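Coordinates in review
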Amino acid sequence: YMHPIIQILLKRIFMSEDTEELNYKEIYSRWLPEKIHDIEPANYILNNSWNKPRDIVRLINSAQSSIKINETSFNQAVFDATRKKYSTDSLTEIKEEMRALYTTEDIDTIITCFTGFKTTFSVQQLRIRVADYYLGTIFEKKFNQVLQDLYRLGFLGNYLPASQTYRWQHKGDDGIILSDEWRLMIHYALQGALS
């Protein structure tokens, strides 16, 4: 609950309450469940964000539309209901960032390639998908560059199954790894929109 991003969420809750003392631990315990899908709430929230304040604002806005009037906390049902809207809003933001690099048609092609595809996959599996369905597109012509851009934007990360290690640009891991040992992984927050 002491992570700066989590404190933004807790301070926002505090501002909406009619209490006089800001106690992060108490607010955290009162408003968040013990676990969300067997993960501690702060870790769940951070894993589903890019560790930026705007992610928490997007999460809060999504939660506000999902929480029912009689609920007094963010329980697992609220997070489950919020997931799709938060994911769709996050994907929209990533697409906006992609506009600096690609045309609208290229962006649609790239996003469509990942829609309905696996969430974790090898470079070879992605190459086969591109060869089967996206010949002649930006994805085929600039395969490595597209992957590097998607990693830098936070759309993709790396996962090493042998050690269960994750790599993300927003966590300070520069440069995507394209090898047989490492897998590519769609960011958790985008998986709901691309399912």
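What this report covers is the structure whose coordinates are included nearby. Computed from a predicted structure; not experimentally measured. (Residues numbered from 1 in each chain as written. Predicted model: local features only at pLDDT ≥ 70, side-chain atom pairs only at ≥ 80, totals over all residues. Heavy atoms only, no water.)

**What to know about the overall build of the protein chain**
A tally of helices and strands in the protein chain yields ten helices and four strands. Reading the helices (α) and strands (β) of the protein chain from amino to carboxyl end gives α-α-α-α-α-α-β-α-α-α-β-β-β-α. Here the C-alpha coordinates of the protein chain stretch approximately 60 × 35 × 25 Å along the principal axes. The contacts of the protein chain with a sequence gap of at least 6 include a subset with a gap of at least 24, amounting to 55%. Of the accessible surface of the protein chain, which amounts to about 10,500 Å², a share of 50% is contributed by carbon and sulfur atoms. The protein chain carries 23 positive and 25 negative side-chain charges, and their two centres are separated by 4 Å. (Helix = DSSP H or I, 4+ residues; strand = E, 2+ residues; numbered from the N terminus. Contact = heavy atoms within 4.5 Å. Areas by Shrake-Rupley, 256 points an atom, 1.4 Å probe, with all protein chains shown as cover. Lys, Arg positive; Asp, Glu negative; His and termini not counted. Charge placed at Lys NZ, Arg CZ, Asp CG, Glu CD.)

**Thoughts on helix α1 (residues 4-16)**
For α1, spanning 13 residues, the distance from its first C-alpha to its last is 19 Å, which sits close to the expected 18 Å at 1.5 Å a residue. All buried positions along α1 are accounted for by Ile5, Ile6, Gln7, Leu9, Leu10, Ile13 and Phe14. Packed against the buried residues of α1 are α2 (24-31), α3 (41-47) and α4 (53-66). (Expected span 1.5 Å × (residues − 1). Buried < 20%, exposed > 50% of the residue type's maximum accessible area, 1.4 Å probe, protein only.)

**Description of the pattern of salt bridges**
By the definition in use, this model includes nine salt bridges. The partner of Arg54 in a salt bridge is Glu97, with the nearest N and O atoms 3.2 Å apart. Residue Arg54 is located in helix α4, and its partner Glu97 is located in helix α5 (residues 76-98); the two are separated by 43 residues in the primary sequence. Residue Glu97 is classed as partly exposed on the basis of its relative accessible area of 28%. (Salt bridge = Lys/Arg side-chain N within 4 Å of Asp/Glu carboxyl O.)

**Looking at the packing of aromatic side chains**
Under the counting rule described, the total for this entry stands at 13 aromatic pairs. For the ring pair Phe139 and Phe143, a centre distance of 5.8 Å and an interplane angle of 35° mean the geometry is tilted. The same class applies to Phe139 as to Phe143, namely buried. Put simply, the rings of Phe114, Phe117, Phe121, Phe139, Phe143 and Phe155 touch in pairs and so form one group of aromatic residues. (Phe/Tyr/Trp six-rings, centres within 6.5 Å; stacked < 30°, edge-to-face > 60°.)

**Side note on the pairing of strand β2 (residues 156-160)**
Across the five residues of β2, five count as buried, placing the element largely inside the fold. With three bridges joining them, β2 and strand β3 (residues 165-167) adopt antiparallel strand pairing. Directly across from Asn158, in β3, lies its bridge partner Arg167. The loop that links β2 with its antiparallel partner β3 comprises four residues; one of these, Gln164, has a positive phi angle of about 55°. (Pairing = 2+ DSSP bridges.)

**Some thoughts on the layout of surface pockets**
For the largest pocket, the calculated volume is near 190 Å³. For the lining of the largest pocket, the elements supplying multiple residues, two or more each, are α1 and α4. Take the lining of the largest pocket: its biggest share by element is four residues, from α1. A breakdown of the residues in the lining of the largest pocket according to their chemical character gives six nonpolar, two polar and one charged. (1 Å grid on protein atoms, 1.4 Å probe; cavity = no way out; pocket = protein on both sides within 12 Å on 5 of 7 lines; lining within 4 Å. Points joined across faces, edges and corners; volume = space filled by probe spheres on them. Nonpolar A, V, L, I, M, F, W, Y, C, P; charged D, E, K, R; others polar.)

**With respect to empty space enclosed by the protein**
In the structure shown here, the tally under the stated rule is three cavities of 30 Å³ or more. Volume-wise, the largest cavity comes out at about 130 Å³. Lining the largest cavity are 14 residues, with Tyr44, Asn48, Leu59, Arg83 and Tyr86 positioned closest to its centre. If you list the elements that add at least two residues to the lining of the largest cavity, you get α3, α4, α5 and α10 (188-194). Of the residues forming the lining of the largest cavity, the biggest block, five residues, is contributed by α5. Counted by class, the lining of the largest cavity contains eight nonpolar, four polar and two charged residues. Computed from the structure, the second largest cavity encloses a volume of approximately 70 Å³.

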